[in-house]
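Listed here are the chains, written in short residue letters.
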Amino acid sequence: MKKSKKNLVFWERIFRGFLYVLPLSLFFSYYPVIKIGASENMNFEFSIALFWLVGFDLVSFVSMILKRQFDLRKIVVKNWKWLLFPIFVTFSLFWTTNLVRGILTVGILWLIYFAVFSFFEFRDLLNAEFWRKFWRWFFGASLFVCGWCVLQCVLDLVGVSRDCSLMCAGCVTEMFGFPHPNGFAIEPQFMGNLLLAPAIVSASMVLRSSRKHLIMMFFTFVATLFLTFSRGAIYAFIVAIIFLVVLEIVKTKKFRSLVVVAISGLAFLFTLNLQGIFAQVSQTNDTYFSGVAKVLNHLSLGIIDIEVSGGGDADAIANESDDAVFDGYVEESTTIRIELTNAALEVFAQNPRNVLFGVGIGGAGESLFLAGETDSPKEIVQNEYASLLLEVGIVGSMLFGFTTMMVIRKSMKSEQNSMIFALLVAYAITLFFFSGLPNALQIYLMPAILLNYQTSLRKKLVS
């Protein structure tokens, strides 16, 4: 009996240890990538974030067995409403156009569900001491990655190869005249998405405390977010901050929350100047002013168009090989996303079965290719809502919406729900700009973590 209890304590410590390293693991969403192989319609790759997910679920399962609380029948009966969406998605494997991708996607989806279930099943272990340590790990990991993003830019500017800097092909200085980092993610938009949680959580904490270190952390996260140059993440952050500020003003009847808007504005101006400096010192023909003009033009979708003249010396201007690939807003990027979304909706509407049940989980790329809409079955719909509609139809999309509504309802029970609402708004907006539902683990795990945190706050207030 004593040995069993000792084993349980051991596994519970490992459980908490896995949660401490969760924030850092999420940032390693791609690099160092473990390439297993590839097929005609997909790549087989593994990341540290996925290793974390598998390991955490194994530890949680062992802990439940030792605690004698793993009763599958009771779990299903108690959580049947939450299980409707993954069960339907699993059944869609019977008609998917890409069975291998579908099986892998379903596997990751169930791992995510079990991890979230474990958060709540072991919430008694997440006491005040745990949360103090967790936030140190959370902000420490976020600051570390922000530092790496800045270092990435410097390494690229001095000519360090992409193999060492881990910069993606579209992130290098030659694209815009200044680098924009992707961190350890596959692209800047994923890096920007990963920074949404640290930025919004720190913003919420700044509203409740004016401590200098919180303000500096918030400034750093926002500045790095702008540095990624990801329009999707930046737009999502702006809307989420406005949403957070409005909620706080309505609740408190005070305008103190506008301080986070002011800090965000300063962070943008800081990053704008930094990108201008990067452009000035780069090997391209760009100047400080041309770099600033490109940033404003690209982020405003071409609306802000500042003519820059007199930049660079005559020899540099004459050498067109030193020109950056893009001179501002990349309309093609937006056009491709719109075309893929329209193509997905066209295939979705081809027949009643697709409309109701979709082409099956993981089958979006293959279906678009077979319909002649894309040149490769590996192409993805860069809009998660359109991709979800295509793969699981109206029925699956409604179940996903139902699950989302339950998350919102659960969040409303907390008196300090502004933070999680703002994060959900941010994630909801980013899904318009990319897809890969199970791969963006932070979209599912971070709201669950914050829900647990709010539950612990509520218990503390009651006691």
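The structure displayed is predicted, hence computed values, not measured ones.

Time to look at the overall build of the chain. For the chain, the helix and strand inventory stands at 20 helices and two strands. Over its C-alpha trace the chain gives a radius of gyration of 23 Å, about what one expects of a compact globule, namely 23 Å for 463 residues. Seen along its three principal axes, the alpha-carbon backbone of the chain occupies a region of about 80 × 55 × 45 Å. Per-residue burial for the chain yields a buried fraction of 52% across its 463 residues. In the chain, 75% of the contacts between residues at least 6 apart in sequence involve partners at least 24 apart. Only carbon and sulfur atoms are counted for the fraction: they give 65% of the accessible area of the chain, which is about 22,200 Å². Taken as two groups, the 37 positive and 33 negative side-chain charges of the chain have centres that lie 27 Å from each other.

A word on the packing of helix H9 (residues 188-208) against helix H12 (residues 258-281). Close contact between H9 and H12 brings their axes to 9 Å; oriented N to C, the two are set at 130°. Taken together, the axis directions place H9 and H12 in an arrangement best described as oblique. Every pair of crossing elements has a handedness; the one defined by H9 and H12 is right-handed. Of the residues in H12, those in contact with Ala203, Val206 and Leu207 of H9 are Val259, Val260 and Ile263. Here the residues of the contact of H9 with H12 are counted per class, giving six nonpolar, no polar and no charged.

As enumerated under the stated definition, the model contains four salt bridges in all. Between Glu129 and Arg132 there is a salt bridge, and its shortest N-O distance comes to 2.8 Å. Of the two residues, Glu129 and Arg132 both sit in helix H6 (residues 128-157), three residues apart, roughly one turn of that helix. With relative accessibility at 46%, the residue Arg132 sits in the partly exposed group. Among the charged side chains, a salt-bridge network with shared partners connects Glu129, Arg132 and Lys133.

The next point concerns the state of the cysteines. In the structure shown here, the tally under the stated rule is one disulfide. Bridging Cys168 to Cys171, the disulfide has an S-S length of 1.8 Å. Here the S-S torsion is close to 75°, and the disulfide linking Cys168 with Cys171 is therefore right-handed. Under the relative-accessibility criterion, Cys168 is labelled buried at 10%.

Glancing now at the packing of aromatic side chains. Tallied over the full model, the rule gives 41 aromatic pairs. Each ring, one from Tyr20 and one from Phe130, has its centre 5.2 Å from the other, and the planes form 25°; the classification is stacked. Taken together, the residues span a long stretch of sequence, with Tyr20 in helix H1 (residues 2-27) and Phe130 in helix H6 at a distance of 110 residues. Residues Tyr20 and Phe130 agree in their burial class; the two are buried. Through pairs of rings, three or more aromatic residues link up here, namely Tyr20, Phe130, Trp131, Phe134, Trp135, Trp137, Phe138, Phe139, Phe221 and Tyr453.

What follows covers a nonpolar patch on the surface. Nonpolar side chains collect at one region of the surface, where Ile87, Phe91, Phe94 and Trp110 lie side by side and expose about 450 Å² of accessible area between them. Along the polypeptide, Phe94 turns up in the loop between helix H4 (80-91) and helix H5 (99-121).

Turning to the pairing of strand E2 (residues 43-46), a few remarks are in order. On a regular strand, each side chain points to the face opposite its neighbour's, so the side chains alternate between the two faces of the sheet. Sheet analysis places strand E1 (residues 34-38) next to E2, joined by four bridges and oriented antiparallel. Bridging from a neighbouring strand, Lys35 pairs with Glu45 of E2. A loop of four residues connects E1 with E2, the two strands running antiparallel in sequence.

To continue, consider the environment of Gly360. On the secondary structure map, Gly360 appears in the loop between helix H16 (352-357) and helix H17 (364-370). When the C-alpha atoms of Gly360 and Pro179 are compared, they prove to be 39 Å apart, with 181 residues separating the residues in sequence.

Once that is clear, we can look at the confidence of the model for the chain. Residues at a pLDDT of 70 or more form 90% of the chain, whose mean pLDDT is 86. Every residue in residues 310-319 is under pLDDT 50, and counting partners more than four places away or in other chains gives seven contacts.

A separate point is unusual backbone geometry. Backbone geometry follows two general trends: most residues other than glycine have a negative phi, and most peptide bonds adopt the trans configuration. Residue Pro32 follows Tyr31 across a cis peptide bond; omega there is -5°. If you check the backbone angles, Phe229 has positive phi at about 65° while not being a glycine. Mapped onto the elements, Phe229 comes out in the loop between helix H10 (212-227) and helix H11 (231-252). The class for Phe229 is buried, based on a relative accessible area of 5%.

Time to look at the environment of Ala38. Along the polypeptide, Ala38 turns up in strand E1. Residue class for Ala38 comes out exposed when judged on its relative accessible area of 54%. In sequence terms Ala38 and Val106 are 68 residues apart; their C-alpha atoms lie 19 Å from each other. Beyond its immediate stretch of four places on either side in the chain, Ala38 contacts Asn43, Phe44 and Lys378.

Within the fold, Phe10 resides in helix H1. Taking relative accessible area as the criterion, Phe10 reaches 46% and is therefore assigned partly exposed. Separated by 53 residues in sequence, Phe10 and Ser63 place their C-alpha atoms 9.1 Å apart.

About the cut-offs
- Residues numbered from 1 in each chain as written.
- Predicted model: local features only at pLDDT ≥ 70, side-chain atom pairs only at ≥ 80, totals over all residues.
- Heavy atoms only, no water.
- Helix = DSSP H or I, 4+ residues; strand = E, 2+ residues; numbered from the N terminus.
- Rg over C-alpha atoms; globule rule 2.2 N^0.38 Å.
- Buried < 20%, exposed > 50% of the residue type's maximum accessible area, 1.4 Å probe, protein only.
- Contact = heavy atoms within 4.5 Å.
- Areas by Shrake-Rupley, 256 points an atom, 1.4 Å probe, with all protein chains shown as cover.
- Lys, Arg positive; Asp, Glu negative; His and termini not counted.
- Charge placed at Lys NZ, Arg CZ, Asp CG, Glu CD.
- Axes fitted to C-alpha atoms, helices over the stretch in contact; angles between N-to-C directions.
- Parallel < 35°, antiparallel > 145°, perpendicular 65-115°, else oblique.
- Left-handed = near helix turned anticlockwise from the far one by under 90°.
- Nonpolar A, V, L, I, M, F, W, Y, C, P; charged D, E, K, R; others polar.
- Salt bridge = Lys/Arg side-chain N within 4 Å of Asp/Glu carboxyl O.
- Disulfide = S-S within 2.5 Å.
- Phe/Tyr/Trp six-rings, centres within 6.5 Å; stacked < 30°, edge-to-face > 60°.
- Patch = residues over 30% accessible without salt bridge, like charges linked within 9 Å, V, L, I, M, F, W, Y side chains within 5 Å.
- Pairing = 2+ DSSP bridges.
- pLDDT = per-residue confidence, 0-100.

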